Each structure stands twice: as structure tokens, then as C-alpha cells.
Amino acid sequence: RQGSELAGWAMGRWTYEGIDLNHNFADLNTALWDAEDNDLVPHEFPNHYIPIPEYYTFANATVAPETRAVIAWMQRYPFVLSANLHGGELVVTYPFDMTRTYWKAQELTPTPDDGVFRWLATVYATANLAMASGERRRCHYDDFARFGNIINGANWHTVPGSEWGPPVTPPATPCHPLPPSATPLFRTGMNDFSYLHTNCFEITVELSCDKFPHASELPEEWENNRESLLLFMEQVHRGIKGVVRDSDTDQGIPNAIISVDGINHDVRT
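Worth saying up front: this structure is predicted, and the values here are computed from it rather than measured.

K.L.:
Give me the pairing of strand β7 (residues 201–208): which residues, what numbers.
P.N.:
Counting buried positions along β7 gives 7 out of 8 residues, so the element sits mostly inside the fold. When strand β2 (residues 81–86) meets β7, the two strands line up parallel, connected through 6 bridges. Bridge pairing in β7 links H86 to E206. The sheet contact formed by strand β3 (residues 89–94) and β7 spans 5 bridges and is antiparallel. Along β7, the bridge assignment pairs V91 with E206.

Rendered as C-alpha cells:
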């Protein structure tokens, strides 16, 4: 009703309960980085398959049912490649989305698999007709074309924050302290969560300057992204793949940890 580019970036972002689903996943980054700073990784603290912290499971945790369902889905199926699709910009972002220096709004924060993530983002961006066009215009203020239409998420804008459950009204201030029952929930986005809690490498694709394109514009949006989506899915066949087997029984071994020299992020079968 407001027009394709007239709605603000926050429009449609929150659920009816007021939860931002994009930033509703448990923060696993902070625990990993604290462990790294104390030389606990990987012998005393894992560098992959990091467990969900207990606070995230509390009854008063502000976790949307949609978020719980997605996490259960991710745990049930061993995805290895994913993209979540957004609107309102024209760029591909890759993890980490959370800055390592907690007080910085922007900071280049690469993963140990930065080369892979940059490749995945580049594959999508270079095949996207709108991003690759010589007539490509800025959506807002950022000129992403200078960087090949890809950017590290944390170097664009960080996604962590703290929410409190149950919700406090009015917002907590020195005059309105948080109730004793409120639990701090430090949150991050789905990309970082997927990378640290599962085997999945996930990027974010900002599909279009229009956050809410009109129905008449959807065929063009599809053509802009069709080849990108197909090429991105094909990347699942890149890299080393196979089956880890028991040398005596020749049976496959589940949950075998696979490490690569120089990459401080393992994967599992």
C-alpha cells in the first residue's frame, strides 16, 4: 500500500509478538571468541557444533516459535549450504555478521572459512543481473558495486543485541530497572548460528532495492535472480566429499570430526 520503495527498512521485520526473527538466534560467537582468547579451542571448547547455551532455553526466553522450528529443522537435516533472502538492498553478505569487538558497530570479522564464503557470495553477485548491470544504481547510501556487490556482514552493520524476557514496558532505564525475572538474551543472526551450530555455510542475499516489489515487478525480479540461485546451489558440489568408513567393517561413521590444517573450524559427518 505504501509503494515498493516507500516502506522503511523496519517494515515487516517483526512478528505480531514484536520479535525480530532475523536477530532471534542464540549468540554462539561470544562464547567461541572468549574461549579462543583463553586458548581453550579446540581442546576444551569446540570450534564447531557449539551447543545452544542454557539461557536460550529458559521459559522466559524471548524465542519465537518460528525460530525454534527453524532450529529444529536445521538439527534434523544436515544442510551444508544455504542462503536467506532479504529485500531492501542489492548486495550479498557473508559471515560473520557479528563484530568481534562488541562495542563496534562495524568491523571486518571474517570466519576461518573466509575464502569459501567470499567465493559463494561472489558466485551469486556476479550472476545476478541487477548487481552485474552496468546501469546498476545505489539503493540507498552504500556503493556496494565498488566491492563486487559483496561484503562481510559485520563490516556493513552488526546484528547482535540484547533482548530481555519477558518484554519490559516501558523500556528499561535507570528510572525503570529490569524486573528480577528478566533474562538477558544476547542474539545474533541465522548465518552465524548456522555456521557455528551446524555444518551449514549460509549467506544473506539482499535481492532488490525494493523491499516490497509490486506483483507486476516479480517476473523481472525472478529473471534477475534465477541464474544466481541455480549457480549458488551448484556450489554444493565443490570441495572434498565422500564417506568416512570404519576400516574393519566398512560401515559409515557418524559424527566423525574432520579437520583441515590451517582452518580453525571443523565439520562432522
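K.L.:
I'd like to hear about the UniProt feature "active site" (unreviewed entry) in the protein chain, residue by residue, with values.
P.N.:
In the numbering adopted here, UniProt assigns the feature "active site" (unreviewed entry) to E206. By the element assignment, E206 lies in strand β7. Look at E206 and you get buried, because its relative accessible area is 8%. When near neighbours in sequence (up to four residues on either side) are disregarded, E206 contacts H86, G87, G88, E89, L90, V91, M131 and W156.

K.L.:
Any chance you could break down unusual backbone geometry for me, citing the residues and the numbers?
P.N.:
The phi torsion of most residues other than glycine is negative, and most of the peptide bonds are trans. In this chain, V41 is followed by P42 through a cis amide linkage whose omega measures 0 degrees. By secondary structure assignment, the location of P42 is in the loop between α1 (29–37) and α2 (65–76). A cis amide bond links P95 to the next residue, F96, at an omega of 0 degrees. Structurally, F96 is set in the loop between β3 and α3 (114–127). Even without a glycine there, the phi angle at Y49 is positive, about 50 degrees. Structurally, Y49 is set in the loop between α1 and α2. Its relative accessible area of 29% is what places Y49 among the partly exposed residues. At N149, a residue that is not glycine, the phi angle is positive and equals roughly 65 degrees. Structurally, the position occupied by N149 is in the loop between α4 (129–132) and β4 (150–152). Overall, the relative accessible area of 6% leaves N149 in the buried class.

K.L.:
Quick rundown of the nonpolar core? Include the residues and the values.
P.N.:
Counting residues in hydrophobic clusters, the biggest one holds 36 residues, and the most contacted among them are L32, V92, F193, L196 and I203. Those elements that place two or more of their residues in this core are β1 (25–26), α1, α2, β3, α3, α6 (190–197) and β7.

K.L.:
Break down the sheet that holds β3 for me, with residues and values.
P.N.:
The strands that make up a sheet pair up through hydrogen bonds in the backbone, lying either parallel or antiparallel. In spatial order, the strands read β2-β7-β3-β4; together these 4 strands make up an open sheet with mixed pairing. Whereas interior strands pair on both sides, the edge strands pair on one side only; in this sheet they are β2 and β4. For this sheet, the mean angle separating the axes of adjacent strands, direction not counted, is 25 degrees.

K.L.:
Pulling in residues and values, what's your account of the pattern of salt bridges?
P.N.:
Evaluation of the coordinates by the stated rule reveals 6 salt bridges. Between D37 and R100 there is a salt bridge, with the nearest N and O atoms lying 3.2 Å from each other. On the criterion of sequence distance, the pair formed by D37 in helix α1 and R100 in the loop between β3 and α3 is long-range, its members being 63 residues apart. Classification of D37 by relative accessible area gives exposed; the value is 55%. The shortest N-O distance in the salt bridge between R138 and D143 comes to 3.9 Å. Each member of the salt-bridge network shares a partner with another, and the members are E36, D37 and R100.

About the cut-offs
- Residues numbered from 1 in each chain as written.
- Predicted model: local features only at pLDDT ≥ 70, side-chain atom pairs only at ≥ 80, totals over all residues.
- Heavy atoms only, no water.
- Buried < 20%, exposed > 50% of the residue type's maximum accessible area, 1.4 Å probe, protein only.
- Helix = DSSP H or I, 4+ residues; strand = E, 2+ residues; numbered from the N terminus.
- Pairing = 2+ DSSP bridges.
- UniProt positions renumbered as here; feature names shortened; annotations may be inferred.
- Contact = heavy atoms within 4.5 Å.
- Core = buried A, V, L, I, M, F, W, Y, C linked by side-chain atoms within 4.5 Å.
- Axes fitted to C-alpha atoms, helices over the stretch in contact; angles between N-to-C directions.
- Salt bridge = Lys/Arg side-chain N within 4 Å of Asp/Glu carboxyl O.

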